[in-house]
Amino acid sequence: MPKAKLVYIMSLRNAAADKAGQNVDYKGAPRYMKSPLEYLAQALDTTPLGDAYSLEGVIYDDDAQSPRDQAALADYRFAWHPQHQWIFPAELRAQGQLLRDMLHPVPSAYRRMPLDAPGRAAGKRAFERTLLDKLLTLGADVVLLDGLLVILDELVRPGSPYHRKIVNIHPGITRLESPFQRRGACATLDALHGAQGHKVVDWASMTKVKVPVIDRTGASLHYVDNGIDSGEVIFDVLDTPIAPEDTILELRWNNFNCSLFPAMHHGLMLLAPHVLSPQAR
């Protein structure tokens, strides 16, 4: 059975915020922060996931000319280097290839412009065209987003070569009907506030209101559409307890290991039979 060609897209600055590849303090003791990418690389080599997919490349959108990205990646830089720490171990391989040799930068440089700048929309379209060219060059059958801090537009529209071929792993339940629903970039922090009996109604001012305590969270693998974590869910896991005293990194570590890694793994296995089917083409 042929394998589906998988391309992974991420923002390094999101992995840096998680302290990926480092030991973090967990209730007073060190625990290693494994990223979803590191988990995937290992799973492709040790589980049936590697019989279903071949990893063709890892794209990141960080912009080396952006002062904000430079600050976010001060500890990691924009590429692996033997004198700097990195988001995964230097010798990590996926299906025989060094993972660090599979990295491809496609900078989202349009983000340097103000939101209302006349050229920003055109810059966003140019970024997505470059991203499309890279995906086609890599021969991607399916694309997995992890912590990509950009909302895709053209690539996920009906008629695009990658319509319903791009999926996202999100550290929260995305089903609107669920009382545990947490969408958006602040999903983990939102869940932490929820365990403390609060709901943030304005992230700019951090205005909160009291709500019933919700002391669990999870993760979802879903199709990507033009909304924010609003695509059809492929698989989700609600298996992460939250203690009110958890730090953001403690909760991230718990959610990765309890919910996000299983949701990504089982969701990709469920997706695999459909990726190469004639109906999917």
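Cut-offs and rules
- By convention here, each chain's residues receive numbers from 1 onward along its written sequence.
- Totals for whole chains, interfaces and linings use all residues, but because this is a predicted model, local features are given only for residues with pLDDT of at least 70 and pairs of side-chain atoms are given and counted only at 80 or more.
- The basis for every side-chain value is the complete set of heavy atoms in the structure, and neither hydrogens nor water enter the calculation.
- Put simply, the grid is 1 Å and covers the protein atoms alone, a cavity is a trapped set of points that fit a 1.4 Å probe, a pocket is an open set with protein on both sides within 12 Å along at least five of seven lines, and lining residues have an atom within 4 Å of a point.
- Grid points are joined across faces, edges and corners, and a volume is the space filled by probe spheres set on the points.
- Every helix listed is a DSSP run of H or I at least four residues long, and every strand listed is a run of E at least two residues long, numbered separately from the N terminus.
- Under this grouping Gly is polar, as are all residues other than the nonpolar Ala, Val, Leu, Ile, Met, Phe, Trp, Tyr, Cys and Pro and the charged Asp, Glu, Lys and Arg.
- Burial status follows relative accessibility: with a 1.4 Å probe on protein chains alone, a residue under 20% of its type maximum counts as buried, one over 50% as exposed, and anything between as partly exposed.
- Think of it this way: DSSP has to see at least two bridges between two strands before they count as a pair.
- Simply put, an axis is a line fit to the C-alpha atoms, just over the touching stretch for a helix, and the angle between two N-to-C directions goes from 0 to 180 degrees.
- Residue contacts are defined here by distance: any two heavy atoms, one from each residue, within 4.5 Å place the two residues in contact.
- Here roughly perpendicular refers to angles of 65 to 115 degrees, roughly parallel to angles under 35, roughly antiparallel to angles over 145, and oblique to all remaining angles.
- Handedness of a crossing is defined here by the sense of rotation of the near helix relative to the far one, left-handed for an anticlockwise turn of less than a right angle and right-handed for a clockwise turn.
- Salt bridges are identified by distance alone: a Lys or Arg side-chain nitrogen within 4 Å of an Asp or Glu carboxyl oxygen.

**Student:** What should I look at first to understand the layout of surface pockets in this one?
**Tutor:** Take a probe with the size of a water molecule and roll it over the atoms, and the empty space left behind shows itself. Put simply, the largest pocket is a space of about 880 Å³. Along the wall of the largest pocket there are 39 residues; nearest its centre are Gly147, Leu148, Leu149, Gly184 and Ala185. Considering each element in turn, the lining of the largest pocket owes the most residues, five residues, to helix H7 (residues 248–275). Of the residues belonging to the lining of the largest pocket, the class tally is 23 nonpolar, 11 polar and five charged.

**Student:** Is there a simple way to explain unusual backbone geometry in this structure?
**Tutor:** Of all residues except glycine, most have a negative phi; of all peptide bonds, most are trans. Residues other than glycine seldom take positive phi values, yet Arg77 does so here, at roughly 70°. Take Arg77: it is sitting in the loop between helix H4 (67–72) and strand S5 (93–94). With a relative accessible area of 42%, Arg77 lands in the partly exposed category.

**Student:** What exactly am I supposed to notice about the sheet that holds strand S7 (residues 103–105) here?
**Tutor:** Strand pairs in the sheet, formed through backbone hydrogen bonds, run parallel or antiparallel to each other. One open sheet accounts for seven strands, arranged S7-S4-S1-S8-S9-S12-S13; its pairing is mixed. Every interior strand has two partners, whereas the edge strands, S7 and strand S13 (233–241), have only one. Neighbour to neighbour, the strand axes of the sheet diverge by 20° on average, direction disregarded. Bridging between strand S1 (residues 4–10) and strand S8 (residues 142–146) involves five bridges; their strand directions are parallel. Paired with Tyr8 across the strands is Leu144, a residue of S8. Each of S1, strand S4 (53–60) and S8 touches helix H2 (residues 36–46); the most contacted strand, S1, lies at about 160° to it. Its contacts with the sheet put helix H5 (residues 120–138) on S1, S4, S7 and S8, and the angle it makes with S4 is roughly 155°.

**Student:** Explain the packing of H2 against H7 here, please?
**Tutor:** A pair of packed helices is characterised by two quantities: the angle between their axes and the separation of those axes. The interhelical angle for the contact between H2 and H7, taken along N-to-C directions, is 50°, at an axis separation of 11 Å. As summarised for this structure, H2 and H7 are arranged oblique, according to the angle between their axes. At the point where H2 passes H7, the crossing takes the right-handed sense. Only Phe256, Leu260, Phe261, Met264, His265 and Leu268 of H7 make contact with H2, whose side of the interface consists of Pro36, Tyr39, Leu40 and Ala43.

**Student:** Quick question: what am I supposed to make of the environment of His266 here?
**Tutor:** For His266, the position within the fold is in helix H7. Using a relative accessible area of 42% as the deciding quantity, one classes His266 as partly exposed.

**Student:** Would you mind going over the pattern of salt bridges with me for this structure?
**Tutor:** A side chain of one charge can pair with a side chain of the opposite charge if their charged atoms are brought near each other. Scanning the entire structure with this criterion turns up 17 salt bridges. The closest approach of N and O atoms between Arg13 and Asp62, which form a salt bridge, is 2.7 Å. Taken together, the positions of Arg13 in helix H1 (residues 12–17) and Asp62 in the loop between S4 and H4 put the pair 49 residues apart, joining distant regions of the chain. Residue Arg13 is classed as buried on the basis of its relative accessible area, which comes to 10%. A salt bridge links Glu154 to Arg157, with the nearest nitrogen and oxygen atoms 3.6 Å apart. Among the residues examined, Glu154 registers a relative accessible area of 39% and is labelled partly exposed. Overlapping salt bridges, with partners in common, bring together Arg13, Asp61, Asp62, Asp69 and Arg111 in one network.

**Student:** Explanation requested: the side chain of Asp69 in the structure shown.
**Tutor:** Among the secondary structure elements, Asp69 is positioned in helix H4. What makes Asp69 buried here is its relative accessible area of 2%. For Asp69, the contacting residues outside a window of four places in its chain are Arg13, Asp62, Asp63, Phe78 and Arg111.

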